[in-house]
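# Close look at the chain arrangement
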Amino acid sequence: MKTQLRVREANSSDRDFVIRLMEQTLPPFYDGDHRAHAERLLATHLSGGEDKVGHFSFEQRMFVAETEDGARIGFVNLIGKKQGNYKISPLILDPEFRGVAGYGTQLLEFTEQYVQSQSCRQLYCTVAGNNESALTFFLRHGFTLAGKSKSHYKPGVEEHMLYKRFISTGELITMDSEHISVRPFDQAHREQFESLVYQQVAPFFKGVDDAWIQATFDG
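Just so you know, these numbers come straight off a predicted model, no measurement behind them.

## Things to note about the environment of Q24
Checked against the element boundaries, Q24 lands in helix α1 (residues 15–25). Note on Q24: relative accessible area 43%, which makes it partly exposed. Residues Q24 and P95, spaced 71 residues apart in sequence, show a C-alpha to C-alpha distance of 9.2 Å.

Structure (structure tokens):
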């Protein structure tokens, strides 16, 4: 019998739990101060979901998954982008509960239901190539590999970019993934990039302007 998860919004009492999971899980795949990162994610959520240094996002929400008896087993942090997409950043289960009772699937199902309720067009994430279990998990649940980037977050680690598209009804649509690739761009591509953004993208984005474009290159 399937054990049902409860998923709720994170609160201040989840601080140590979120920090522990990020410090325990992320170092093999990502550089950086994972405690500080966890603090920032939770603080942004608790302050109303507005990332004051995020140029491209309009909300950030964190949800904690619990068993029926109240044991915390994982969390997901979601970033709503101005172009109508959401990023999973990150989704982590406590190692003790991975591969148990379909908990990861249930947390992802909650994630998809939430973002679709917010009129999400595409859900995406990035996964380190050496994180084979996470790659398998997302691909098994209908995500498509869009591209790869070497040493994107950690020297020597290849990052995989994955996405899942939806239309307004929540029905999954099929993309021509064979002909989609991802490549780095720099100042030499700026004129072409600006033209693309203003002509084809700005009508569907919120807050696209020169500062938005500059922030892309600064990033």
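That shown, we press on.
## Thoughts on helix α2 (residues 34–46)
Along an α-helix, residues three or four apart share an orientation, since each turn contains 3.6 residues. Here α2 spans 18 Å end to end across 13 residues, near enough to the 18 Å set by a 1.5 Å rise per residue. Considering only its buried residues, α2 is in contact with β1 (6–9), α1, β2 (57–66), β3 (72–81) and β4 (85–93). After α2 finishes, the residue G48 shows a positive phi value of roughly 115°.

## Quick word on the packing of helix α5 (residues 190–201) against helix α6 (residues 210–218)
It is at 11 Å that the axes of α5 and α6 come closest, and there the two elements cross at 135°. Between α5 and α6, the angle is such that the two are oblique. The hand of the α5/α6 crossing is right-handed. Here α5 contributes R190, F193, E194, V197 and Y198 to the contact with α6, which in turn contributes D210, W212, I213, Q214, T216 and F217. In the contact of α5 with α6, the residues fall into six nonpolar, two polar and three charged.

## Looking at the side chain of Q83
Tracing the backbone through its elements, the reader meets Q83 in the loop between β3 and β4. Assessed through its relative accessible area of 18%, Q83 is described here as buried. With near-sequence residues (within four places) excluded, Q83 lies in contact with F56, R121 and F205.

## Things to note about the pattern of salt bridges
Inspection of every chain in the model, using the stated rule, returns ten salt bridges. Salt-bridge contacts for D14 lead to R72; the nearest nitrogen and oxygen are separated by 2.9 Å. Taken together, the residues D14 in the loop between β1 and α1 and R72 in strand β3 connect sequence positions 58 residues apart. Judged by relative accessible area, R72 falls into the partly exposed class, the value being 32%. Salt-bridge contacts for R61 lead to E59; the nearest nitrogen and oxygen are separated by 3.2 Å. This pair shows no difference in class: R61 is buried, exactly as E59 is. A network of salt bridges, in which partner residues are shared, links R8, D14, E66 and R72.

## Points about the nonpolar core
L78, I88, F138 and F143 are the most contacted members of the largest nonpolar core, which has 27 residues in total. Among the elements of the structure, β2, β3, β4, α3 (103–117), β5 (122–128) and α4 (132–140) are those that each provide at least two residues to this core. Among residues more than four places away in sequence, those in contact with F143 are I88, L108, E112, L123, Y124, C125, F138, L162, Y163 and K164. Ranked by size, the runner-up nonpolar core spans 18 residues in total, among them A10, F17, M62 and A128.

## Details of α1
Of the positions making up α1, those classed as buried are F17, V18, I19, L21, M22 and T25. Here the buried face of α1 lies against α2, β2, β3 and β4.

## Some thoughts on the pairing of β4
Among the nine residues of β4, nine are classified as buried, and the element is accordingly described as predominantly covered. Two strands pair when backbone bridges link them, and β3 and β4 are joined in this way by six bridges, in the antiparallel orientation. Of the residues in β4, the one forming a bridge with I79 is K87. If you look at the hairpin formed by β3 and β4, you'll find three residues sitting between the two strands, and G84 has a positive phi there, around 90°. Note that β4 and β5 share three bridges and pair parallel. By the bridge assignment, K87 is partnered in β5 with Y124.

What counts and how
Residues numbered from 1 in each chain as written. Predicted model: local features only at pLDDT ≥ 70, side-chain atom pairs only at ≥ 80, totals over all residues. Heavy atoms only, no water. Helix = DSSP H or I, 4+ residues; strand = E, 2+ residues; numbered from the N terminus. Buried < 20%, exposed > 50% of the residue type's maximum accessible area, 1.4 Å probe, protein only. Expected span 1.5 Å × (residues − 1). Contact = heavy atoms within 4.5 Å. Axes fitted to C-alpha atoms, helices over the stretch in contact; angles between N-to-C directions. Parallel < 35°, antiparallel > 145°, perpendicular 65-115°, else oblique. Left-handed = near helix turned anticlockwise from the far one by under 90°. Nonpolar A, V, L, I, M, F, W, Y, C, P; charged D, E, K, R; others polar. Salt bridge = Lys/Arg side-chain N within 4 Å of Asp/Glu carboxyl O. Core = buried A, V, L, I, M, F, W, Y, C linked by side-chain atoms within 4.5 Å. Pairing = 2+ DSSP bridges.

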